[in-house]
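Take a look at the letters that make up each chain.
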Amino acid sequence: MAGNAFNYELDFDNTDFRKHPELYRIGVGEQGVLLVQPYKSELLPHWRFKTEAVAKASAEKIFALFEEYLQQHDFVGADMARKFLQMGFTRARRYANHQSGRKYKPGAEDKTENLAYPYSSGSRHKGNTVLEQEPDTLTNEKARAAAVFKNYWFKAKDHPEYLKQKAVFREKYYK
């Protein structure tokens, strides 16, 4: 497994990543965002994107937690908050593009069957035809909610202290 690869084989139900940061891997994008405790439980209650106003309150709260984690030199918490901000953007964009939240045309065959996680997760219709986007996909309420999250996500991922702690974390735990 590559040093940065997210390890999906850990016992997420019984692992406290605050006590065992050495087990955490940044991974790619949002990997592990709904698995890594106690951060999932701390961040998920604040994660909302129904409207632009709701997204703004949510992103502000998650970004405030991001900054608290950085102050505490808790890189894993900061990275998880960054992932929640990124996920706010990607999920709101999904609903901006497709009001139903479904990206793929349904089919009888499960295209994810027998694939390893994370390829087995998400829509069983991955690989089918992508449904047409909404006519107002760039301007609707969910698009505006996505823009709010994108702004905070970029502030987080480019934050100088986050980048510093990320480098220290890799140096310390990636052998």
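Considering helix H5 (residues 160-173)
Next, step 1: For H5, built from 14 residues, the straight-helix expectation of 20 Å at 1.5 Å per residue is met to within 8% by its first-to-last C-alpha distance of 20 Å.
Next, step 2: Listed in full, the buried residues belonging to H5 are Tyr162, Gln165, Phe169 and Tyr173. Each buried residue of H5 lies within a common arc of 70° when the element is viewed along its axis, so the set occupies one face. For H5, the exposed residues lying more than 90 degrees away from the buried face are Pro160, Lys164, Val168 and Glu171.
Next, step 3: Packed against the buried residues of H5 are helix H2 (52-71), helix H3 (75-97) and helix H4 (141-157).

As for unusual backbone geometry
Glycine aside, a negative phi is what most residues show, and trans is what most peptide bonds show.
Next, step 1: The omega angle of the peptide bond from Gln37 to Pro38 is 10°, so this bond is cis rather than trans.
Next, step 2: Take Pro38: it is sitting in the segment before helix H1 (39-43).

A word on the side chain of Ser58
Next, step 1: Checked against the element boundaries, Ser58 lands in helix H2.
Next, step 2: Look past the residues within four positions of Ser58 in its chain and what remains in contact with it is His46, Trp47, Arg48 and Phe149.

Some words on the environment of Leu23
Next, step 1: You can see Leu23 is positioned in the segment before H1.
Next, step 2: Note: C-alpha distance between Leu23 and Leu10 (13 residues apart in sequence) is 8.3 Å.
Next, step 3: In contact with Leu23, not counting residues within four places along its chain, are Leu10, Thr15 and Phe17.

Things to note about the pattern of salt bridges
Next, step 1: For the coordinates displayed, the defined rule picks out 9 salt bridges.
Next, step 2: Residue Lys83 pairs with Asp79 through a salt bridge whose shortest N-O separation is 4.0 Å. Within this pair, Lys83 and its partner Asp79 are both found in helix H3, separated by 4 residues, close to a single helical turn.
Next, step 3: Classification of Lys83 as buried rests on a relative accessible area of 0%.
Next, step 4: Its salt-bridge partner being Lys157, residue Asp158 comes within 3.2 Å of it at the nearest N-O pair.
Next, step 5: Residue Asp158 is classed as partly exposed on the basis of its relative accessible area of 43%.
Next, step 6: By relative accessible area, which is 28% here, Lys157 ends up partly exposed.
Next, step 7: Within this structure, Arg18, Glu42 and Asp74 form a network of salt bridges that share partners.

The rules behind the values
- Each chain carries its own residue numbering, running from 1 in the written order of its sequence.
- Note on the predicted model: pLDDT of at least 70 is required for a residue's local features to be given, and 80 or more for side-chain atom pairs to be given and counted; whole-chain, interface and lining totals, by contrast, use all residues.
- Values shown for side chains rest on all heavy atoms present in the structure; no hydrogens or waters enter the calculation.
- Secondary structure elements follow DSSP: runs of H or I of four or more residues count as helices, runs of E of two or more count as strands, with numbering from the N terminus.
- Multiplying 1.5 Å by the helix residue count minus one yields the expected span of that helix.
- The buried label applies to any residue whose accessible area, calculated with a 1.4 Å probe on protein chains only, is under 20% of its type's maximum; exposed applies above 50%, and partly exposed to all values in between.
- Arc definition: it is the arc formed by the directions from the helix axis to the C-beta atoms.
- Two residues form a contact once any of their heavy atoms are found within 4.5 Å.
- By definition here, a salt bridge exists when the distance from a side-chain nitrogen of Lys or Arg to a carboxyl oxygen of Asp or Glu is within 4 Å.

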